[in-house]
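Residue-level structure breakdown
What follows is the residue order along each chain.
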Amino acid sequence: MRTATIERNTQETRIRVSINLDGTGARTLATGVPFLDHMLDQIARHGLFDLDIHCQGDTHIDDHHSVEDVGITLGQAFAAAVGNKAGLRRYGHAYVPLDEALSRVVVDLSGRPGLFYFVDYHRARIGTFDVDLAREFFQGFVNHAQATVHIDNLRGENAHHQCETIFKAFGRALRMATEVDPRAGGTIPSTKGAL
Ligand SMILES: [Mn+2]
């Protein structure tokens, strides 16, 4: 079973994440940040991951700690669920449109954290959600999943659309990268022999 459950408790947030990489998109999402729940829903639905994510955070200050720490904890859960990456595709990519918006996300389960994030939002907030926090989520994720992730919003006018295409493409790219490649015969997809 490619599953993991991670609990992470600090003075800012208390988080529990459970994931099944071979799921159907079943999810329970309760982070205390409704727009983040909507984005995590995209990862579950389009990645076909089962996700159970609960966060109690200091949202009386703002959403920053909750969004960043959910990214961190989800990254830890992915790292645990993929294990030594034997037999996986390792690389994944996706282009996803939503009306006028189009984004591309490329993932490498490289063992090295790296975020290359190019998104020019046309406004600072989506409802009450600070668009800067999307980057914080992905930085937390890559640091702890030990993955290289390139995120490019290629075009878009509506900030909700821009952000949603990023999360949908991220889900799709992660799904590809974490799939078992039947031709790999369980080998680790690196000439180094380790990832
Ligand atoms: Mn939406």
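Structure's up top.
Just so it is clear, the model here is predicted, and its values are computed rather than measured. (Residues numbered from 1 in each chain as written. Predicted model: local features only at pLDDT ≥ 70, side-chain atom pairs only at ≥ 80, totals over all residues. Heavy atoms only, no water.)

1. Here we look at the sheet that holds strand 10 (residues 148-155)
- The strand order across the open sheet built from four strands is 5-6-10-7, with neighbouring strands paired in mixed fashion. Each edge of the open sheet carries a strand with a single partner, namely strand 5 (91-98) and strand 7 (114-118). This sheet shows a mean twist of 10 degrees between the axes of neighbouring strands, independent of strand direction.
- Where strand 6 (residues 101-108) and strand 10 come together, seven bridges link them in antiparallel fashion. (Pairing = 2+ DSSP bridges. Helix = DSSP H or I, 4+ residues; strand = E, 2+ residues; numbered from the N terminus. Axes fitted to C-alpha atoms, helices over the stretch in contact; angles between N-to-C directions.)

2. A few points about helix 2 (residues 64-82)
- Over its 19 residues, helix 2 runs 27 Å from end to end, which matches the ideal 27 Å to within 8%, given 1.5 Å per residue.
- Counting buried positions over the 19 residues of helix 2 gives 14, a clear majority of the element. (Expected span 1.5 Å × (residues − 1). Buried < 20%, exposed > 50% of the residue type's maximum accessible area, 1.4 Å probe, protein only.)

3. A closer look at the coordination of the manganese ion
- With distances of 1.9 to 2.2 Å, the protein atoms coordinating the manganese ion are H38 (NE2), H160 (NE2) and E164 (OE).
- Sequence spacing of the donor residues for the manganese ion, all on one chain, is H-x121-H-x3-E. One end of the pair, H38, is in helix 1 (residues 34-47); the other, H160, is in helix 4 (residues 159-178), with 122 residues separating them in the sequence.
- Residue classification places H38 among the partly exposed positions, given a relative accessible area of 30%. (Donors = N, O, S within 2.8 Å, 3.2 Å for Na, K, Ca; no water.)

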